[in-house]
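Residue-level structural notes
Okay, here's what each chain looks like letter by letter:
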Amino acid sequence: MHVISVAIPKGGEGKTTTSVNLAASLAAAERRTLLIDADTLGASGISLGYTADQVKSGLYDVFNYTHSLNRVIYKTELTYLDFVPSNISTVQMEERLLRLSENRTVMRIALRDIEQQYDYVIIDCPPTLRGITTNALCASDSVIIPMRASHFSLDALMRIMRYLKWIREVANPQIYVEGILLTMFEPNTKIAEITGRELRARYSKFLFKMVIPKNSTLAEAAFYGRPALLYNINSKGAQAYFELATEIVARDTASGKLSQDGIRDAASFGGEARGEEMPDPPRGKSRDLAGPDSI
Ligand SMILES: Nc1ncnc2c1ncn2[C@@H]1O[C@H](COP(=O)(O)OP(=O)(O)OP(=O)(O)O)[C@@H](O)[C@H]1O
Ligand SMILES: [Mg+2]
């Protein structure tokens, strides 16, 4: 089982869109996939067509030790995609969840329950680092960092890189960066050029080769409660996420962690397998490192 958190400590960067559409694409490729909504706003659930009244139990119950993870799994339109909603309906529940998530091992222990049932677990994190995101990172093999082309997104990227270094030191030495993913990408714009330059100068080994284009179908599909590939499979957005899933599956297959039929050797996942060290966060002003080429 390969557990991937989708995280960056900033709102509106494409975490939920990436989680839902990556999970759906992995499922379409017949990988047994579980999407966990770790954001109390429940946007993943909404993007899959779940309304609050349909959600009777969820991640809150797991953290509250009233249900095992297995008991809060819901089916979706896709045969290979299951879903764990975030069932937070009051501020009190949210505060309690924050307290409960101080125990960093809750998610990791909960996932043991389902280890044999899934090839991939995708965790949609909230736009913060503490609390449930920390729990998710402690339970993950790797992390995808989605970000838009913007100065503030670069700041958030630096923050999570620094935080991951700390997570590796204190709680999860195995976690590695699956990739930095440019989302809502608009080529031939100045901001795309500057951000691309910064990323290549500082984080080039972590960058996914492909980018997710700005594509209104992704937003529309979420509105109608469906992953983009069930809404318009030929859209650029659906295709881009399918390509991302293909890249991840190909990597896992090439490294021997994924057989034709699914994840074979869960124990061999780890940072050293990719030979990656978490970089020190860059210190100077971003412009200092700017190179001449564009993305
Ligand atoms: N590639 C894209 N093209 C066009 N719109 C997009 C794209 N990706 C995401 N969006 C839209 O941008 C908005 C923010 O995306 P999303 O909800 O995935 O971000 P998020 O990081 O999960 O935000 P939050 O931190 O608030 O949970 C949404 O309305 C979504 O539909
Ligand atoms: Mg979100």
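Owing to the predicted nature of the structure, the values given are computational and were not obtained by experimental measurement.

1. A closer look at the site of ligand 1
- Taken together, the neighbourhood of ligand 1 is formed by 20 residues, with K15, T16, T17, P127 and A219 sitting nearest.
- Only α1 (15-28) and α9 (216-223) provide two or more residues apiece to the shell around ligand 1.
- Within the shell around ligand 1, the residues separate by chemical class into seven nonpolar, nine polar and four charged.

2. Brief notes about the confidence of the model for the protein chain
- Per-residue confidence for the protein chain averages 87 on the pLDDT scale, and 87% of its residues sit at or above 70.
- Taken together, the stretch residues 264-295 has pLDDT below 50 and engages in 53 contacts with residues farther than four places along the chain or on a different chain.

3. Remarks on the nonpolar core
- Counting 83 residues, the largest nonpolar core has V121 and I145 as its most contacted members.
- The residues contacting V121, other than those within four sequence positions of it, are M1, V3, L34, I36 and L111.

4. Side note on the packing of α1 against helix α11 (residues 236-254)
- Two elements in contact, α1 and α11, have axes separated by 8 Å at closest approach and are oriented at 65°. Seen along the crossing, α1 lies across α11 with a hand that is right-handed. Of the residues in α11, those touching α1 at N21, L22, S25 and L26 are Y241, F242, L244 and A245.
- Considered class by class, the residues forming the contact of α1 with α11 number six nonpolar, two polar and no charged.

5. A short note on the environment of V211
- Relative to the helices and strands, V211 is located in the loop between α8 (190-203) and α9.
- Sequence-distant contacts of V211, defined by excluding residues within four places in its chain, comprise L182 and F185.

6. Side note on the environment of Y74
- Its location among the elements puts Y74 in strand β3 (residues 74-75).
- Between the C-alpha atoms of Y74 and S57, which are 17 residues apart in sequence, the distance is 9.5 Å.

Reading guide: rules and limits
- Residues numbered from 1 in each chain as written.
- Chains lettered and ligands numbered in written order.
- Predicted model: local features only at pLDDT ≥ 70, side-chain atom pairs only at ≥ 80, totals over all residues.
- Near = placed C-beta within 6 Å.
- Helix = DSSP H or I, 4+ residues; strand = E, 2+ residues; numbered from the N terminus.
- Nonpolar A, V, L, I, M, F, W, Y, C, P; charged D, E, K, R; others polar.
- pLDDT = per-residue confidence, 0-100.
- Contact = placed C-beta atoms within 7 Å.
- Core = buried A, V, L, I, M, F, W, Y, C linked by C-beta atoms within 7 Å.
- Buried ≥ 20, exposed ≤ 12 C-beta atoms within 10 Å, placed from the backbone.
- Axes fitted to C-alpha atoms, helices over the stretch in contact; angles between N-to-C directions.
- Left-handed = near helix turned anticlockwise from the far one by under 90°.

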